Amino acid sequence: MNPLAIQIEQLNQELSSQLPQDILNAFGNSVEDLKTKNMGDNSIQAGQQMPEFSLPDAYGENIHSTQILKKGKMILAFYRGSWCPYCNLELKFLQDNLSRLKEKNAVLVAISPQNPDHSLTMVEKNNLEFEVLTDHNNDFAKKLGIVFQLQDFVLPYYQNLGIDLSLFNNNKENTLPVPAVFVVDENSKIVYKFLDVNYMNRVDIEELIQKL
């Protein structure tokens with residue numbers, strides 16, 4: 001088991017002991033419902049061209065994909081938001097391995113629908129040294145086919161936990177990206193894709209590095 005997976009398993013055990021069973025059941029049912037959508041097959045695939053984007057960073061400055069690709073290969077890590085403990089574990093782990101990614105001439109960029117203020121707080125809290133961009137309304141992620149509507153039956157459980165997506169994302173859509181990681185070469189071609197509708201499963205850093 002890779003180091004990130006070990007950390008996630010520890011988090012799973014902690015949450016299982018802390019959260020009521022009805023919340024755990026609702027989250028599990030949400031994942032099972034997403035599995036029926038076949039998002040892995042219906043989303044953008046390795047071998048296709050990654051669309052261009054221009055998205056604001058944590059300081060509100062727009063970053064264009066062409067700027068990034070001038071520096072080397074691009075790793076796009078889509079995450080749900082700073083309220084998600086699994087996302088925080090993944091981003092911290094990517095930060096811990098950032099030097100290994102840079103050695104492969106790759107530039108890491110994280111993308112979520114949360115507003116730049118929340119991203120800035122997360123960057124400062126976790127000492128992140130890579131770009132963290134805001135995809136408002138998930139407009140870019142929708143082009144990739146990796147966005148889903150959070151089910152009505154699970155929304156109250158999010159709210160009971162203090163997760164108000166309208167405040168994080170500045171909209172009423174209740175849409176989120178599926179956690180996904182893409183490697184894009186200098187010609188904008190996707191050479192690697194990781195996507196899993198189960199938010200508890202995250203990219204294997206060794207597999208990612210092998211694809212760079």
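Just above, that's the structure.
Note that the structure is predicted; figures quoted are calculated from it, not measured.

Caption draft 1: Quick peek at the environment of S119. Of note, S119 is situated in helix α7 (residues 116–126). Distance from S119 to A77, taken between C-alpha atoms, is 14 Å for residues 42 residues apart in sequence. With sequence-adjacent residues up to four places away left out, S119 is seen in contact with A58, Y79, Q114, V132 and T134.

Caption draft 2: The arrangement of the side chain of K193 in detail. Turning to its location among the elements, K193 is positioned in strand β9 (residues 190–195). Of the side chains with opposite charge, D41 lies nearest to the buried K193, which makes no salt bridge, at 6.8 Å. Only 2.6 Å separates the side chain of K193 from the side chain of S43, close enough to count as a polar contact. Within the structure, K193 has its side chain in polar contact with the backbone oxygen of I44 (distance 2.8 Å). Setting aside anything within four residues of it in sequence, one finds K193 in contact with G40, S43, I44, Q45, V181 and F182.

Caption draft 3: Quick peek at the pattern of salt bridges. For the structure shown, the criterion picks out four salt bridges. Where K35 meets E32, a salt bridge forms, and the shortest distance between an N and an O atom there is 3.1 Å. Residue K35 and its partner E32 are located together in helix α2 (residues 21–35), separated by three residues, close to a single helical turn. What makes E32 partly exposed here is its relative accessible area of 45%.

Thresholds applied
- Residues numbered from 1 in each chain as written.
- Predicted model: local features only at pLDDT ≥ 70, side-chain atom pairs only at ≥ 80, totals over all residues.
- Heavy atoms only, no water.
- Helix = DSSP H or I, 4+ residues; strand = E, 2+ residues; numbered from the N terminus.
- Contact = heavy atoms within 4.5 Å.
- Buried < 20%, exposed > 50% of the residue type's maximum accessible area, 1.4 Å probe, protein only.
- Lys, Arg positive; Asp, Glu negative; His and termini not counted.
- Salt bridge = Lys/Arg side-chain N within 4 Å of Asp/Glu carboxyl O.
- Polar contact = N/O pair within 3.5 Å; in protein donor to acceptor, adjacent residues only side chain to side chain.

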